[in-house]
Amino acid sequence: VSATTQVKNAEPSGSGSSPVSAGALVTVLRYRLLLAAVVGLVALSAVRVISGAGDLTSGGTVSAALTLAVPIGMAGLGGLWSERAGVVNIGLEGMMILGTFGAGWIGWQHGPWLGLLAAILFGAVGGLVHAIATITFGVDHIVSGVAINILGLGVTQFLARVLLEGTPGGGQSQSPHIPSLPTPSIPGLADALTPVEQHHWFLISDLAGIIRGLTTNVSVLTLVAIALVVATYFVLWWTPFGLRLRACGEDPYAAESLGVRVYLYKYVGVVMSGALAGFAGAYLAIVASGIYREGQTGGRGYIGLAAMIFGNWRPGGLVSGAALFGYTDAMQLRNAAAVHALLLVVAVILAGLAIYALVQRRFVSAGLAVAFGVLALFWYLASDVLPPQITFMTPYITTLLVLALASQRLRMPKADGLVYRRGEGH
Amino acid sequence: MTDVVTAARTNPVTQDRLRRIGLSLAAPALAIVISLAITSLVLVSTGTQPFHTFKIMLDYAGQPRTTTLIINSAVTYYFAALAVAVGFRMNLFNIGVDGQYRLAAMLAASVGGAVTLPAPLHVGLIIVVAVLVGGSWAAIAGLLKVYRGVSEVISTIMLNFIATGLVAYLLTPGRLAVTTQGSNNIGTKPIPASGQVPGISLVPDSPLKVYGLIVLAVIAGFAYWFLIERTRFGFELRATGQNEAAAVASGVNVKRMVLLSMLISGGLAGLVGMPQLLGSSYTYSLDFPAGLGFTGIAIALLGRNTAIGVAIGALLFGFLDNASQILDLEGVAKEIVLITQGVIVLSVVIAYELVRRYRIVAQQRDVGRALAQAEPVPHDPAPAQGASA
């Protein structure tokens, strides 16, 4: 118990600020997140009214966005577990690939739940390999992660060839159909909200669409995913275990000096990370497509990692990052006219950012925001449709812009990516 | 032979050098043995005889046609691996070689297809465009790192996706692409004969020719070695990679180094698509090979970022990729080599790390012994280099 309190006391000084100001900062950040959500919603709604692109906030779009956001969010959550323990995990992609295969191979024969279990196990094995390489052998984290991506892809392609070829409806690059999981809705809500949505009232219809999308035909795995985010937040930030795990990511030698078994905590973080990446893969295979297919992950492991960095190594932040990726992905898949209207949304948001930056006297950021905002506005006015390939690029450009404008405010765990050897702290 | 052994026993400097060479060969050898063992295990568990499988692959690789294909793959991989290696030497992870070479090859192919020039100029123009495009695309990540503190790992990954979108956008009929008659494939306008590089008949009795740009690969390899090992720039690059704080203290401008090495890395990445573009396809079409950037990362790790090591790694990967094509006919899943490749990469990085640690321990032991004897011994020529090279 005394070790716990000591670590607890040590933590705020580790982040370089007094407890009071840290608390104030958290409050400000929370309000800012809420404020950003409200501003974003108003901007979306206004643009929908102006452009008439109803699909911007329709229930269908929101529902699709949710399905697309969950795998990214789960990969990001995996990254969070690993990086909070001080191990950079760029191997999420490979672990996710292993997960999709596990879900497809076991899932089509024994049902989705066992498929999910297999995916989690496969991903966890990938995580274990990463842990052995980085923690026990001290290999550079990025090097090991890249190697795991290559290995995960290779193992999966070989196993698929051996285990799936000749199966009914399957082949060397895809599995037979996996039975689907239940998709419950809140009864009566959709019937009540659909008419409201169809009136196209400013804000009210948008809210109705969003609520309908979030409450109708939601896969049980989505609910599990939401529970996992909440559980992660609780475990990592409100338990002694989580405090110790995060201490390993901030200053492993300090943690070591307080008797924390750093190797063990890092192993737990990285294996958990692999398991969550496996879950993300299972979600893609079971919920999003109903089969395992080669190349199904499409780099979502990397995007999950980007969403986590976007979210400043915090669960709430990574959820908003995943939502952003999921939303633009959904827009791109659903409706060309609505995608074009997104340009106007971007221009409005950038205008807001520019004003905010001006108030804060950050003139370079303000100038950049104005330049890109004018560009987006001009593009919106000069064209009628946005080519799908350009929409495809939006989340990645957004990530780059956010990192370029806000990277100084991001704070990763202090010892993230550094090789730790027991007893070698100086 | 005996002379060498006696000399090594008597002269501590030679002894140290021999040990260093032995150790640096031990790591890749160990990795290859481990990966062969694991591959064999997998093969046995799927009911295949491993040694028979290896023999089939070796026999097939010995055929002149396959040998040519192996060399051709290796030439392409070599550029990719060198591009990655430049960054690695200063702890810079250019994961974006993939996007850089695809964008570079596509734009260079369009330029090459649009102009007609005398042969050497035409080829030169295409290559220069490719190098410039690759370099500029990589420079975005360099600028973001230097001026905005964005990790190059994330920015290059994002730039890969953006390059994918950009290539798909530009490679549509009406923009930079034309439809090929009689197929669904679309590509850039074919490069006329003056922009093509003829092959070389390097392998006797082979119906295929080796890419003419193998010459450029050799030059690039030599230039890489010279730049890294023999110039001030290379010294500063390695110094930054090994100990950034010490490099800064000794006057290295790290920001400039990051930008320059990103430019060089991207420029080399621009060359990745060239052997295929100028030597066989003459157009950038939808089926232009993708993912070579990641192969390059694997090979750079395997070859320890040295010009020779990377060349051997490129040949090994070329062998595995091409010789495995026969396996399907023999009833063995050819994807087995993907496992071999993955295991090699993972075990080689672990083996290098173990060797590095063993070296440090051995050096500390030597120093301890020398101090204990308290008599003047020949000073180790470069202890710091030995510890981390």
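About the thresholds
- Residues numbered from 1 in each chain as written.
- Chains lettered and ligands numbered in written order.
- Predicted model: local features only at pLDDT ≥ 70, side-chain atom pairs only at ≥ 80, totals over all residues.
- Heavy atoms only, no water.
- Helix = DSSP H or I, 4+ residues; strand = E, 2+ residues; numbered from the N terminus.
- Rg over C-alpha atoms; globule rule 2.2 N^0.38 Å.
- Areas by Shrake-Rupley, 256 points an atom, 1.4 Å probe, with all protein chains shown as cover.
- Lys, Arg positive; Asp, Glu negative; His and termini not counted.
- Charge placed at Lys NZ, Arg CZ, Asp CG, Glu CD.
- Contact = heavy atoms within 4.5 Å.
- Buried area = accessible area lost by both parts, 1.4 Å probe.
- Salt bridge = Lys/Arg side-chain N within 4 Å of Asp/Glu carboxyl O.
- 1 Å grid on protein atoms, 1.4 Å probe; cavity = no way out; pocket = protein on both sides within 12 Å on 5 of 7 lines; lining within 4 Å.
- Points joined across faces, edges and corners; volume = space filled by probe spheres on them.
- Axes fitted to C-alpha atoms, helices over the stretch in contact; angles between N-to-C directions.
- Left-handed = near helix turned anticlockwise from the far one by under 90°.
- Nonpolar A, V, L, I, M, F, W, Y, C, P; charged D, E, K, R; others polar.
- Patch = residues over 30% accessible without salt bridge, like charges linked within 9 Å, V, L, I, M, F, W, Y side chains within 5 Å.
- Buried < 20%, exposed > 50% of the residue type's maximum accessible area, 1.4 Å probe, protein only.
- Phe/Tyr/Trp six-rings, centres within 6.5 Å; stacked < 30°, edge-to-face > 60°.
- Lys NZ or Arg CZ within 6 Å of the ring centre and 35° of its normal.
- pLDDT = per-residue confidence, 0-100.
- Expected span 1.5 Å × (residues − 1).
- Polar contact = N/O pair within 3.5 Å; in protein donor to acceptor, adjacent residues only side chain to side chain.

Within chain B, the secondary structure is distributed over 16 helices and 2 strands. A globule of 389 residues ought to have a C-alpha radius of gyration of about 21 Å, and chain B, at 23 Å, matches this closely. Along the three orthogonal principal directions, the C-alpha set of chain B runs to about 80 × 55 × 35 Å. Roughly 17,600 Å² of accessible area belongs to chain B as shown, and the carbon and sulfur atoms make up 66% of that amount. Computed over 25 positive and 18 negative side-chain charges, the inter-centroid distance for chain B is 7 Å.

The next thing to look at is the interface of chain B and chain A. Contacts between the two partners involve 45 residues from chain B, matched on the other side by 46 residues from chain A. Carbon and sulfur atoms make up 80% of the area that chain B and chain A hide from each other, which totals about 3,800 Å². It is B:Arg148, B:Met158 and B:Phe161 that lose the most area in chain B upon contact with chain A, and together they represent 18% of the buried surface on that side. Counting every contact that joins chain B to chain A gives 2 salt bridges. The partner of A:Arg161 in a salt bridge is B:Glu335, with the nearest N and O atoms 2.8 Å apart.

So, about empty space enclosed by the protein. Residue and element names in this part refer to chain A. A complete count under the given rule lists 4 cavities of 30 Å³ or more for this structure. The space that makes up the second largest cavity amounts to roughly 60 Å³. Ile97, Thr100, Leu153, Thr156, Gln157, Tyr292, Arg293, Glu294, Gly295, Gln296 and Thr297 together form the lining of the second largest cavity. Only helix H4 (92-110) and helix H6 (141-164) provide two or more residues apiece to the lining of the second largest cavity. With 3 residues, H6 is the largest single contributor of residues to the lining of the second largest cavity.

The next point concerns the packing of helix H5 (residues 112-136) of chain A against helix H12 (residues 262-289) of chain A. All names here are of chain A. Interhelical geometry of H5 versus H12 gives an angle of 145 degrees and a closest axis separation of 6 Å. Once H5 is placed against H12, the crossing between them reads as right-handed. The class makeup of the residues in the contact of H5 with H12 is 17 nonpolar, 7 polar and 1 charged.

Where nonpolar side chains cluster on the molecular surface, the patch consists of A:Tyr31, A:Leu34, A:Val38, A:Val42, A:Val49 and A:Phe202 and spans about 590 Å² of accessible area. For A:Leu34, a relative accessible area of 56% puts it in the exposed group.

Attention now moves to the packing of aromatic side chains. The tally for this structure, following the rule as stated, stands at 16 aromatic pairs over all chains. An aromatic cluster is present here, built from A:Phe101, A:Trp105, A:Phe122 and A:Tyr292 joined pairwise through their rings. Positioned over the ring face of B:Tyr352 is B:Arg304, at 4.4 Å from the centre of the ring.

Under the definition given, this model contains 17 salt bridges over all chains. Between B:Asp59 and B:Lys55 there is a salt bridge whose closest N-O contact spans 3.0 Å. Of this pair, B:Asp59 and B:Lys55 both sit in helix H3 (residues 50-62), 4 residues apart, which is roughly one turn of the helix. A salt bridge links B:Arg102 to B:Asp98, with the nearest nitrogen and oxygen atoms 3.1 Å apart. Taken as a pair, B:Arg102 and B:Asp98 lie in helix H5 (residues 97-114) at a separation of 4 residues, close to a single helical turn. Of the two residues, B:Arg102 and B:Asp98, neither departs from the other in class, the shared state being buried. Look at the salt bridges and you will find they share partners, linking A:Arg161, A:Glu165, B:Asp328, B:Lys334 and B:Glu335 into a network.

Regions with low pLDDT carry predicted coordinates that are not meant to be interpreted in detail. All names here are of chain B. On average, chain B scores 89 in pLDDT, and the residues at 70 or more come to 92%. Note that pLDDT drops below 50 for residues 384-389; the model gives that stretch 9 contacts with residues more than four away or on any other chain. Predicted as a complex, the structure gets a pTM of 0.87 and an ipTM equal to 0.86.

Moving on, we get to helix H7 (residues 152-170) of chain B. All names here are of chain B. Given a rise of 1.5 Å per residue, 19 residues ought to cover 27 Å, and the 25 Å separating the end C-alpha atoms of H7 matches this to within 8%. Of all 19 residues that make up H7, 14 are buried, and the element is covered over most of its length. One side-chain oxygen at the N-terminal end of H7 lies 3.2 Å from the backbone nitrogen of valine 153; it belongs to serine 151.

Given a rise of 1.5 Å per residue, 20 residues ought to cover 28 Å, and the 28 Å separating the end C-alpha atoms of helix H14 (residues 315-334) of chain A matches this to within 8%. Those residues of H14(A) that sit buried are A:Pro315, A:Gly317, A:Leu318, A:Gly321, A:Ala322, A:Phe325, A:Gly326, A:Tyr327, A:Thr328, A:Asp329, A:Ala330 and A:Met331.

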